[in-house]
Amino acid sequence: MMMFSFGCWRKVLNLCLKPVRNLVDYLVFSSREKELTAKGIIKMEGTKTSITNLKIPDGVVGDSMRERTKTFTYDFSYDSMDCKSSSFVSQEKVFRDLGCDVLKAAFEGYNACVFAYGQTSSGKSYTMMGVPVR
């Protein structure tokens, strides 16, 4: 049987009650996407991320499953596409918003996990690690 002091038990409860946080990070086009002159179909605004289906003509109204633009809400929606843009979010901000709490929990002895999901070469490692310092 495990025994907890009230302070420690409260700390465990607070940690367990924290919700899972989700984040989407829109990164720079790959060299292949640049060669194909790909168009950006993602728009970030606050915590919302909108995706535009360019195959559906603008102004066409139809089946709700085939909307031209779909919007999703996340805890964090980051635009790391263009470092000159006013909406650009740096790796430092991503770390401050997400990584600090995960590291703090790990250093306090709790299990901590960051799960990065995405297409191959979509920037998962970059989002987690940034650019190597030389």
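A brief report on the enclosed structure follows. (Residues numbered from 1 in each chain as written. Predicted model: local features only at pLDDT ≥ 70, side-chain atom pairs only at ≥ 80, totals over all residues. Heavy atoms only, no water.)

Next up on the list: the pattern of salt bridges. Summed over all chains, the structure comprises two salt bridges. One salt bridge in this structure joins Lys43 and Glu45, with 3.5 Å as the shortest N-O distance. We classify Glu45 as exposed; its relative accessible area is 53%. Here Asp97 and Lys93 are joined by a salt bridge, their closest N and O atoms 2.9 Å apart. Pair noted here: Asp97 and Lys93 are both in helix H3 (residues 91-107), with a separation of four residues, about one helical turn. For Lys93, a relative accessible area of 32% translates into the label partly exposed. (Salt bridge = Lys/Arg side-chain N within 4 Å of Asp/Glu carboxyl O. Buried < 20%, exposed > 50% of the residue type's maximum accessible area, 1.4 Å probe, protein only. Helix = DSSP H or I, 4+ residues; strand = E, 2+ residues; numbered from the N terminus.)

On to unusual backbone geometry, then. Despite not being glycine, Thr37 has its phi angle at roughly 45°, a positive value. With respect to the element layout, Thr37 can be found in the loop between helix H2 (31-35) and strand S2 (42-45). Relative accessible area serves as the criterion here: at 64%, Thr37 is assigned to the exposed category.

With that out of the way, let us pick up H3. Its axis deflected by about 45° at Gly99, H3 carries its strongest bend there. Of the positions making up H3, those classed as buried are Gln91, Val94, Asp97, Leu98, Gly99 and Ala105. In the stretch just after H3, Gly109 is the one whose phi turns positive, near 95°. (Bend = angle between axes of the 7 residues up to and from the residue.)

A separate point is the environment of Asp82. By the element assignment, Asp82 lies in the loop between strand S5 (76-79) and H3. The exposure class of Asp82 is partly exposed, given its relative accessible area of 38%. As a C-alpha pair, Asp82 and Val28 span 54 residues in sequence and 6.8 Å in three-dimensional space.

Evaluation of the coordinates by the stated rule reveals one aromatic pair. With a centroid separation of 5.7 Å and an interplanar angle of 20°, the aromatic rings of Phe76 and Tyr78 are classed as stacked. Across this residue pair, the class does not change: Phe76 and Tyr78 are buried. (Phe/Tyr/Trp six-rings, centres within 6.5 Å; stacked < 30°, edge-to-face > 60°.)

Within the secondary structure, Asp58 sits in the loop between strand S3 (48-52) and strand S4 (69-73). Each C-alpha atom of the pair Asp58 and Thr69 lies 9.4 Å from the other, and the pair is 11 residues apart in sequence.

A few words now on the sheet that holds S2. Spatially, three strands are ordered S2-S3-S4 in an open sheet, and the strand pairing comes out antiparallel. Two strands in the sheet have a free side with no partner beyond their single neighbour: S2 and S4. Averaged over neighbouring strand pairs, the angle between their axes works out to 20° when direction is ignored. Sheet topology note: the S3/S4 ladder contains five bridges and is antiparallel. Bridged to Thr49 within S4 is Phe72. (Pairing = 2+ DSSP bridges. Axes fitted to C-alpha atoms, helices over the stretch in contact; angles between N-to-C directions.)

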